[in-house]
Structures are given as structure tokens and as C-alpha cells.
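# An overview of the molecular structure
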Amino acid sequence: MVAAGVQFGWALQLSLLTPYIQVLPCVRIWSDKCSSKYGRRRPFILAGSLMISVAVTIIGFSADIGYLLGDADEHHRNFKGT
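For every chain, the first residue of the written sequence is number 1, and numbering continues from 1 onward in sequence order. In keeping with the predicted nature of the model, local features appear solely for residues at pLDDT of at least 70, side-chain atom pairs appear and are counted solely at 80 or more, and the whole-chain, interface and lining totals rest on all residues. Heavy atoms from the whole structure form the basis of all side-chain values; hydrogens and water molecules are not counted.

## Remarks on the overall build of the protein
Going along the chain from the N terminus, every DSSP run of H or I of four or more residues is numbered as a helix, and every run of E of two or more is numbered as a strand. Regarding its fold elements, the protein presents four helices and zero strands. Each helix and strand of the protein, ordered N terminal to C terminal, gives the series α-α-α-α. For the protein, the exposed surface amounts to about 7100 Å²; the carbon and sulfur share of it is 67%. The method behind every accessible area is Shrake-Rupley, applied with a 1.4 Å probe, and residues are considered shielded solely by the protein chains displayed.

Spelled out as C-alpha cells, the structure:
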């Protein structure tokens, strides 16, 4: 049971680290040119936070989403969400 938690933790860290390496330079350039009334960085921080929240939620329900999209019954657990 502990190994499953560690594996989930590593997957989460890698999924959240990859965008920083690939996307962050572009976002820095866009935010430097942004002239929003909320500031240069706040809209990008808000958008990034919302996207990460959606991604973590999808990861949490990935088994159920896979089942709904046609995953085989033999690999599906009976647990549905929280």
C-alpha cells in the first residue's frame, strides 16, 4: 500500500515539473508583455493554478475516467470516487 502512494507522488511530481521546463520560458515572455489591470503575473498565476487543480483532479479519478471511456472491466476496481 505504501508503494502505491510513493508511485502516485512521483507521477504527480513529474507531471507538474515537465511544464516548468518546457513552457515556463514562453510564459515569462508573455507575462512580461502583459498589461492587465491585475498586474503582469497574477493572471498567469491564476490560470496556472486552475490548470494544476484540474490536472490533479483528473489524476485522482483516472481509473474511473478510463472505465467510462471503455477500459476493460478486469482492470477496474469497484471503488468509484470518494
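## A short note on the pattern of salt bridges
Salt-bridge detection follows one rule: a side-chain nitrogen of Lys or Arg within 4 Å of a carboxyl oxygen of Asp or Glu. Tallied over the entire structure, the rule returns one salt bridge. Ionic pairing is found between arginine 41 and aspartate 32, a salt bridge with its closest N-O pair at 3.0 Å. The class of arginine 41 is partly exposed, set by a relative accessible area of 39%. Only protein chains enter the area calculation, which uses a 1.4 Å probe; residues under 20% of their type maximum are buried, those over 50% are exposed, and those in between are partly exposed.

## Structural notes on the side chain of serine 31
Residue position: serine 31 is located in helix α2 (residues 24–33). Between two residues, a contact is recorded if the distance between any of their heavy atoms is within 4.5 Å. Excluding anything up to four places from it in sequence, serine 31 contacts Arg40, Arg41 and Phe44.

## Some thoughts on the confidence of the model for the protein
Averaged over the protein, the pLDDT score is 75; the fraction of residues at 70 or greater is 63%. Per-residue confidence from the predictor is reported as pLDDT, which spans 0 to 100. Within the protein, helix α3 (residues 42–60) carries the highest mean pLDDT (86), whereas helix α1 (residues 2–22) carries the lowest (65).

## Examining the environment of arginine 42
Tracing the backbone through its elements, the reader meets arginine 42 in helix α3. On the basis of relative accessibility, which here comes to 60%, the residue arginine 42 falls in the exposed class. Linking arginine 42 and serine 31, residues eleven residues apart in sequence, is a C-alpha distance of 9.0 Å. Here tyrosine 38 takes part through its backbone oxygen, which lies 3.3 Å from a polar atom of the side chain of arginine 42. Polar contacts here mean pairs of N or O atoms no more than 3.5 Å apart (in protein, one a potential hydrogen donor and the other a potential acceptor; neighbouring residues in sequence count only if both atoms are side-chain atoms).

## A few points about the environment of serine 53
Relative to the assigned elements, serine 53 resides in helix α3. Overall, the relative accessible area of 43% leaves serine 53 in the partly exposed class. Among the polar contacts made by the side chain of serine 53, one reaches the main-chain carbonyl oxygen of serine 49 at a distance of 2.9 Å.

## Section: a nonpolar patch on the surface
Together, Val54, Ile58, Phe61, Ile65 and Leu69 line one region of the surface with nonpolar side chains, adding up to about 460 Å² of accessible area. For leucine 69, a relative accessible area of 72% corresponds to the exposed category. Patches here: salt-bridge-free residues with over 30% relative accessible area, like charges joined within 9 Å, nonpolar side chains (Val, Leu, Ile, Met, Phe, Trp, Tyr) joined within 5 Å.

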